[in-house]
Amino acid sequence: MEKKGRPEAIVRYLINQEKAVTISKIAEVMEVSERTVQNRLNECQNLLIGNVEIEKVGNKGIRITGDKDYLDEIKHRFGNQNINENDDKERRMLILIDILLSNKPLSMQDISFKYFVSVSIVQRDIDWIAFYIDKNTRTIEVIRKPKVGVYVEGNEAEIRQLIEKNILCLANYYKVDHHQNVVFDESIAYVLKIIGLDCHLQSAIVVEEMIRNKLNRFLTDEARKEFILQILISDRRSFEHCKFRNNIQCDQNKEKEIFDKILADNRFNLDDMDKKYLWLRLIRGQYIKRIMDICPNDEIDYLIDNLAYHISQADKRSIVNMSPNNPILSDIKKQYGNFYSMTLTTLYQMEKKYNIKLNEDEVGFITIYICAIYEKNIRSKKCSVLLICDE
């Protein structure tokens, strides 16, 4: 929620007053000192547009004046509750997505005006974003240029994955922090609406349904959401002329041709590299079911869901050359040697088919999942027993 006494809170209060208001009255309403209000008037002025300004009216106080059109625009923007009530965490995640989606620098002033905060607050937000990106990515870098703005450079696939990650984080944030009685899909749609990616949401959903029906490509619920998001993200990045610098290797078979046609038929006019990227996201996010002869139940389905998600994340890590350390790899090989060999063989076939590469540490983690599924599967199988006795 918005904190009292901030420049944006003062502006919101003043813009809705018909007469001049004294500094002492503003301080009383904001629950801050008069000196604090005085110190923040310059920052308040930075939030205004056109010829709108804060005017001193003798000993009556201050008011906001200017052309009616500009005043109406400010009132409209400050009356938008979806943005006005951003807290620090929410606002920073939204600014991060804005920067990632754009292919041109965003000025501090534009960000300040969009989110109703002072430029100094935006600068602190960018500091946080730069720290976050440096800590959580391998190739992305925040670039700041005076009088130009802020933008990012880095691996295009990693940028798109970071956008997806933050959309999902924000969706969960709205669901939890705002205590709205909504399902996960609705919270994602809400985020897409805020960031302006909802225009083609229904078309992306149709694409996923057509792929499932025509290509028999079944995805887990989480993988389905991620794939739909990647369609929308790729559509925007392609519109912004954001290109992959390195060629994406992908076999052009009959299924791929059908996939490309489904995208085109639903007005997703992406270039060849974008379509290859989405195709690889699709086949890597597929639901992995036939590992063994499984007797399905809730526990096993839960483990398989997590295994599918782990493999999809392992693939993402491999794309950006992230290699996790598996401290128990040697113990896994000793105690579960047969399972490790089976997993290694299966993953080798996947690597050849889908052009991915997983190291031994990842294979060890996946082996643990398969062992757990096997043990649950054995316990769930029922055997027919004939009991013979002499009584």
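A few points about the overall build of the protein
Counting secondary structure elements, the protein contains 19 helices and four strands. Looking at the protein as a whole, 47% of its 391 residues qualify as buried. The long-range fraction of contacts in the protein, counting pairs at least 24 apart against all pairs at least 6 apart in sequence, stands at 66%. Accessible surface, the protein: about 21800 Å² in total, of which carbon and sulfur atoms supply 48%.

Points about the packing of aromatic side chains
In the structure shown here, the tally under the stated rule is five aromatic pairs. An aromatic cluster is defined as three or more aromatic residues linked by ring pairs; in this entry it consists of Phe227, Phe259 and Trp279. When the ring centre of tyrosine 277 is taken as reference, the NZ or CZ atom of arginine 160 above it lies at 5.5 Å.

So, the pattern of salt bridges
Pairing is possible between side chains that carry opposite charge, provided their charged atoms lie close to one another. Applying the stated rule across the entire model yields 20 salt bridges. Of the charged contacts, one joins lysine 114 and aspartate 98 as a salt bridge, the two residues approaching to 3.0 Å between their closest N and O atoms. Placement of the pair is lysine 114 in helix 8 (residues 108-115) and aspartate 98 in helix 7 (residues 88-101), with a sequence separation of 16 residues. Judged by its relative accessible area of 29%, lysine 114 falls in the partly exposed class. Judged by its relative accessible area of 13%, aspartate 98 falls in the buried class. A cluster of three or more residues bridged by salt bridges with shared partners is formed by Asp88, Arg91, Arg92 and Asp125.

Concerning the packing of helix 12 (residues 201-215) against helix 13 (residues 221-239)
It is the contact of helix 12 with helix 13, at a shortest axis distance of 9 Å, that shows an interaxial angle of 125 degrees. By the angle class used here, helix 12 and helix 13 are oblique. The two elements helix 12 and helix 13 cross, and the hand of that crossing is right-handed. Packed against helix 12, whose contacting residues are Leu201, Ala204, Ile205, Val207, Glu208, Ile211 and Arg212, the element helix 13 presents Arg224, Phe227, Ile228, Ile231 and Leu232 at the interface.

Some remarks on the nonpolar core
Ile126, Ile133, Ile167, Leu192, Ile195 and Phe259 are the most contacted members of the largest nonpolar core, which has 67 residues in total. Of the residues forming this core, the biggest block, ten residues, is contributed by helix 10 (residues 156-177). Counting residues in each nonpolar core, the second largest holds 22 residues, with Leu14, Ile23, Leu41 and Ile62 among its members.

A word on helix 13
For helix 13, spanning 19 residues, the distance from its first C-alpha to its last is 28 Å, which sits close to the expected 27 Å at 1.5 Å a residue. Along helix 13, 15 of the 19 residues are buried, which leaves the element largely enclosed by surrounding structure. Just downstream of helix 13 lies histidine 241, where phi reads positive at about 65 degrees.

So, the confidence of the model for the protein
Confidence in the prediction of the protein, expressed as mean pLDDT, is 82, and 85% of residues score 70 or more. Between residues 81-85, whose pLDDT stays under 50, and residues either more than four places distant or in other chains, the model counts 13 contacts. Below pLDDT 50 for its whole length, residues 177-184 participates in twelve contacts with residues either more than four positions away or in separate chains.

A closer look at unusual backbone geometry
Positive phi outside glycine occurs at histidine 241, with the angle close to 65 degrees. Mapping histidine 241 onto the fold places it in the loop between helix 13 and helix 14 (254-265). At arginine 267, a residue that is not glycine, the phi angle is positive and equals roughly 65 degrees. Note on placement: arginine 267 falls in the loop between helix 14 and helix 15 (272-284). On the basis of relative accessible area, arginine 267 is assigned to the exposed category, the value being 73%.

Regarding the pairing of strand 1 (residues 53-57)
Relative to strand 2 (residues 61-65), strand 1 runs antiparallel, the two sharing five bridges. Considered in strand 2, the bridge of isoleucine 54 is made with isoleucine 64. Counting the residues in the hairpin turn of strand 1 and strand 2 gives three residues, including glycine 58, whose phi is positive at 50 degrees.

A word on the environment of asparagine 51
Mapped onto the fold, asparagine 51 is located in the loop between helix 4 (41-46) and strand 1. C-alpha separation for the pair asparagine 51 and threonine 65, spaced 14 residues apart in sequence, amounts to 8.3 Å. Asparagine 51 has contacts with Thr65, Gly66, Asp67 and Tyr70, leaving out every residue within four places of it along the chain. A polar atom in the side chain of asparagine 51 sits 3.1 Å from the side chain of aspartate 67.

Reading the values: the criteria
- Residues numbered from 1 in each chain as written.
- Predicted model: local features only at pLDDT ≥ 70, side-chain atom pairs only at ≥ 80, totals over all residues.
- Heavy atoms only, no water.
- Helix = DSSP H or I, 4+ residues; strand = E, 2+ residues; numbered from the N terminus.
- Buried < 20%, exposed > 50% of the residue type's maximum accessible area, 1.4 Å probe, protein only.
- Contact = heavy atoms within 4.5 Å.
- Areas by Shrake-Rupley, 256 points an atom, 1.4 Å probe, with all protein chains shown as cover.
- Phe/Tyr/Trp six-rings, centres within 6.5 Å; stacked < 30°, edge-to-face > 60°.
- Lys NZ or Arg CZ within 6 Å of the ring centre and 35° of its normal.
- Salt bridge = Lys/Arg side-chain N within 4 Å of Asp/Glu carboxyl O.
- Axes fitted to C-alpha atoms, helices over the stretch in contact; angles between N-to-C directions.
- Parallel < 35°, antiparallel > 145°, perpendicular 65-115°, else oblique.
- Left-handed = near helix turned anticlockwise from the far one by under 90°.
- Core = buried A, V, L, I, M, F, W, Y, C linked by side-chain atoms within 4.5 Å.
- Expected span 1.5 Å × (residues − 1).
- pLDDT = per-residue confidence, 0-100.
- Pairing = 2+ DSSP bridges.
- Polar contact = N/O pair within 3.5 Å; in protein donor to acceptor, adjacent residues only side chain to side chain.

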